[in-house]
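# Breakdown of the fold
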Amino acid sequence: MATVSVCKYYPGGFSFDNCKRNALLEADISKLGFSSPAARKTGTTICGVVYKDGVVLGADTRATEGMIVADKNCSKIHYISPNIYCCGAGTAADTEMTTQIISSNLELHSLSTGRLPRVATANRMLKQMLFRYQGYIGAALVLGGVDCNGPHLYSIYPHGSTDKLPYVTMGSGSLAAMAVFEDRYRPNMEEEEAKRLVRDAIAAGIFNDLGSGSNIDLCVITKGKVDYLRPHDVANKKGVREDKVYGHPVTGSYRYKHGTTGVLTKTVTPLNLEVVEESVQTMDTS
Amino acid sequence: MNTRGLRSQLKDSVPVTGLCPQAGPYGVQDSLRRGFSSVKNELLPSHPLELSEKNFQLNQDKMNFNTLRNIQGLHAPLKLQMEYRAARQIQRLPFLPSSNLALDTLRGSDDTIGFEDILNDPVQSEMMGDPHIMTEYKLGVL
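As the structure is a computational prediction, the values presented were derived from the model and not from experiment.

### Description of the environment of Lys 54 of chain B
Residue and element names in this part refer to chain B. Mapped onto the elements of the fold, Lys 54 is located in helix H4 (residues 48–54). Classification of Lys 54 as partly exposed rests on a relative accessible area of 43%. Along the primary structure Lys 54 and Glu 116 are separated by 62 residues, whereas in three dimensions their C-alpha atoms are 11 Å apart.

Here it is, written out as structure tokens:
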């Protein structure tokens, strides 16, 4: 361990020591013509809808790093509490850590109050944390759940503003998804209709936005029950490698059909073996 | 977001004495650990959030005490601040980091988790003060 003469212990949390160094490096790197590494984002389509008995949340499953798909099947619907789930768009690490911290805080809070946590509590905790960091934490969230007051749906923006609405969309594909919602949403839908609506909204985002893709995940939250459907629908089917000879998918198989190689000659040599010794060894099967 | 200029970031609810020069073990700028020094670096924050984060706990406490004073009168924050002052004095040996459990309990942050518990935990810090020097510094003998 390094030892300095007098060391003051700082309380912890974010350390801004490297900011100046990073600013210098970025200036130098761009002069040399390289580009600094990009954070992994979830250029995304996430949405939620309130229906008769609860809330349906939906998300796509693509995570991008600049122009490359970093994760083809990432999970964007995060657990907050048994009755509250949260979809996250923006920087993947930020959404992940923010939802985990709020989930822990909500668990401690509900142990302290002795009650099931409310969606409004999670909303307030999230918005206060995001406002504290002035938008530098890039997490755009769709928070939904069912508590003692019924189903609730909130959308939370990176700077800390929130909206409480019956249907919300976020992410780069939000406009495509919102178009579907604006056309077909009506209050007090049935569960199947709500699931179909969310599925179509996410599919619109997947097919019309470059940042969204792969599968559609759904989460149906009702009073006392949560259905986490992952994947609910595989919208972008990736082809399976086929073995042309057999016609069914076998990867890396080197088996050849009978008759591939023509037989030229066949010689049969019988080996004459005589039994010299025969002994029996019992196996210990205990 | 950055419509405010850099000058306005220097003003804060709690006056800051400036981001003082980072002196290393021999009293000179420690270039290896803290980078090159410049007057600009010492006066201006390296990140817009740096000042607000440094004073966040103080500002929160100020706000809470003000609210308490408005609701319950002057005695409430006065009594609480006395307790805070007492709790802050409960520390370990000068070179060991303290958990500040009493202070946390008074503040109510013993059942919350934030970034200060996960990132840069002082218990896991890689730097430690020299025990003899730290004790002498604390006792004022140095």
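### So, the interface of chain B and chain A
Contact residues are listed per partner, giving 35 residues for chain B and 29 residues for chain A. Taken over both partners, the interface formed by chain B and chain A buries close to 3300 Å², and the fraction arising from carbon and sulfur atoms is 67%. At the junction of chain B with chain A, the criterion picks out 1 salt bridge. Here Glu 53 of chain B makes a salt bridge to Arg 132 of chain A, at a shortest N to O gap of 3.1 Å. Applying the counting rule to chain B against chain A returns 5 residue pairs in polar contact (both at pLDDT 80 or more). Only H4, helix H8 (115–118), strand S1 (127–129) and helix H9 (131–139) of chain B provide two or more residues apiece to the side of chain B that touches chain A. Sort the elements by how many residues they give to the side of chain B that touches chain A and H4 of chain B lands first, with 4 residues. Residue composition of the side of chain B that touches chain A, grouped by class: 19 nonpolar, 9 polar and 7 charged.

### Things to note about the pairing of strand S6 (residues 68–71) of chain A
Working note: regular strand, side chains alternate between the two faces of the sheet. Residue and element names in this part refer to chain A. Of the pairings in the sheet, the one linking strand S5 (residues 63–65) to S6 comprises 3 bridges and is antiparallel in character. Bridged to Ala 63 within S6 is Asp 71. Joining the antiparallel neighbours S5 and S6 is a turn of 2 residues, in which Gly 66 adopts a positive phi near 75°.

### Notes on the pattern of salt bridges
Residues and elements named next belong to chain A. Evaluated as defined, the whole model comprises 12 salt bridges over all chains. Asp 200 is the salt-bridge partner of Arg 184, the closest N and O atoms lying 2.6 Å from each other. With Arg 184 in helix H4 (residues 174–184) and Asp 200 in helix H5 (residues 191–208), this residue pair connects regions lying 16 residues apart in the sequence. A salt bridge links Glu 193 to Arg 186; its shortest N-O distance comes to 2.7 Å.

### Structural notes on the UniProt feature "active site" (unreviewed entry) in chain A
Residue and element names in this part refer to chain A. According to UniProt, the feature "active site" (unreviewed entry) maps to Thr 44 in the numbering used here. Following the sequence through the fold, Thr 44 ends up in the loop between strand S2 (41–42) and strand S3 (46–50). Classification of Thr 44 as buried rests on a relative accessible area of 0%. Ignoring anything within four residues of it in the chain, the contact list for Thr 44 reads Asp 60, Lys 76, Ala 89, Met 170, Gly 171, Ser 172, Gly 173, Asp 209, Gly 211 and Ser 212. At 3.1 Å, the side chain of Thr 44 and the side chain of Lys 76 are in polar contact.

### Some points on the nonpolar core
Residue and element names in this part refer to chain A. Residues Val 49, Val 56, Phe 181, Met 189, Leu 197 and Val 198 are the most contacted members of the largest nonpolar core, which totals 22 residues. Contributions of two or more residues to this core are made by S3, H4, H5 and strand S13 (215–222). Of the residues forming this core, the biggest block, 8 residues, is contributed by H5. Every residue in contact with Phe 181, bar those within four places of it in the chain, is listed here: Cys 47, Gly 48, Val 49, Tyr 167, Val 168, Thr 169, Leu 197, Val 198 and Ala 201.

### Describing helix H2 (residues 92–113) of chain A
Residue and element names in this part refer to chain A. Spanning 22 residues, H2 covers 31 Å between terminal C-alpha atoms, matching the ideal 32 Å at 1.5 Å per step. Buried within H2 we find Ala 92, Thr 95, Thr 98, Thr 99, Ile 101, Ile 102, Ser 103, Asn 105, Leu 106 and Ser 110. Just beyond H2, the residue with positive phi is Gly 114, at close to 80°.

### So, the pairing of strand S12 (residues 167–170) of chain A
Residues and elements named next belong to chain A. The alternating pattern of S12 places Tyr 167 and Thr 169 on one face and Val 168 and Met 170 on the opposite face, and all of these are buried. Pairing geometry for S3 and S12, over 4 bridges, is antiparallel. Pairing of Ile 46 across the sheet is with Met 170, part of S12.

### Points about the packing of helix H5 (residues 56–72) of chain B against helix H6 (residues 75–88) of chain B
What describes two packed helices is the angle between their axes and the distance between those same axes. Residue and element names in this part refer to chain B. Where H5 meets H6, the closest approach of the two axes is 7 Å, and the angle between their N-to-C directions is 140°. Each of Asp 61, Phe 65, Leu 68, Arg 69 and Gln 72 in H5 lies in contact with H6, whose residues at this interface are His 75, Ala 76, Pro 77, Leu 80, Gln 81 and Tyr 84. In the contact of H5 with H6, the residues fall into 6 nonpolar, 3 polar and 2 charged.

### So, the environment of Val 198 of chain A
Residue and element names in this part refer to chain A. Tracing the chain through its elements places Val 198 in helix H5. In this structure the C-alpha to C-alpha distance between Val 198 and Asn 215, which are 17 residues apart in sequence, comes to 13 Å. When neighbours within four sequence positions are excluded, Val 198 is seen to be in contact with Cys 47, Val 49, Val 56, Leu 57, Gly 58, Phe 181 and Leu 218.

The rules behind these values
Residues numbered from 1 in each chain as written. Chains lettered and ligands numbered in written order. Predicted model: local features only at pLDDT ≥ 70, side-chain atom pairs only at ≥ 80, totals over all residues. Heavy atoms only, no water. Helix = DSSP H or I, 4+ residues; strand = E, 2+ residues; numbered from the N terminus. Buried < 20%, exposed > 50% of the residue type's maximum accessible area, 1.4 Å probe, protein only. Contact = heavy atoms within 4.5 Å. Buried area = accessible area lost by both parts, 1.4 Å probe. Salt bridge = Lys/Arg side-chain N within 4 Å of Asp/Glu carboxyl O. Polar contact = N/O pair within 3.5 Å; in protein donor to acceptor, adjacent residues only side chain to side chain. Nonpolar A, V, L, I, M, F, W, Y, C, P; charged D, E, K, R; others polar. Pairing = 2+ DSSP bridges. UniProt positions renumbered as here; feature names shortened; annotations may be inferred. Core = buried A, V, L, I, M, F, W, Y, C linked by side-chain atoms within 4.5 Å. Expected span 1.5 Å × (residues − 1). Axes fitted to C-alpha atoms, helices over the stretch in contact; angles between N-to-C directions.

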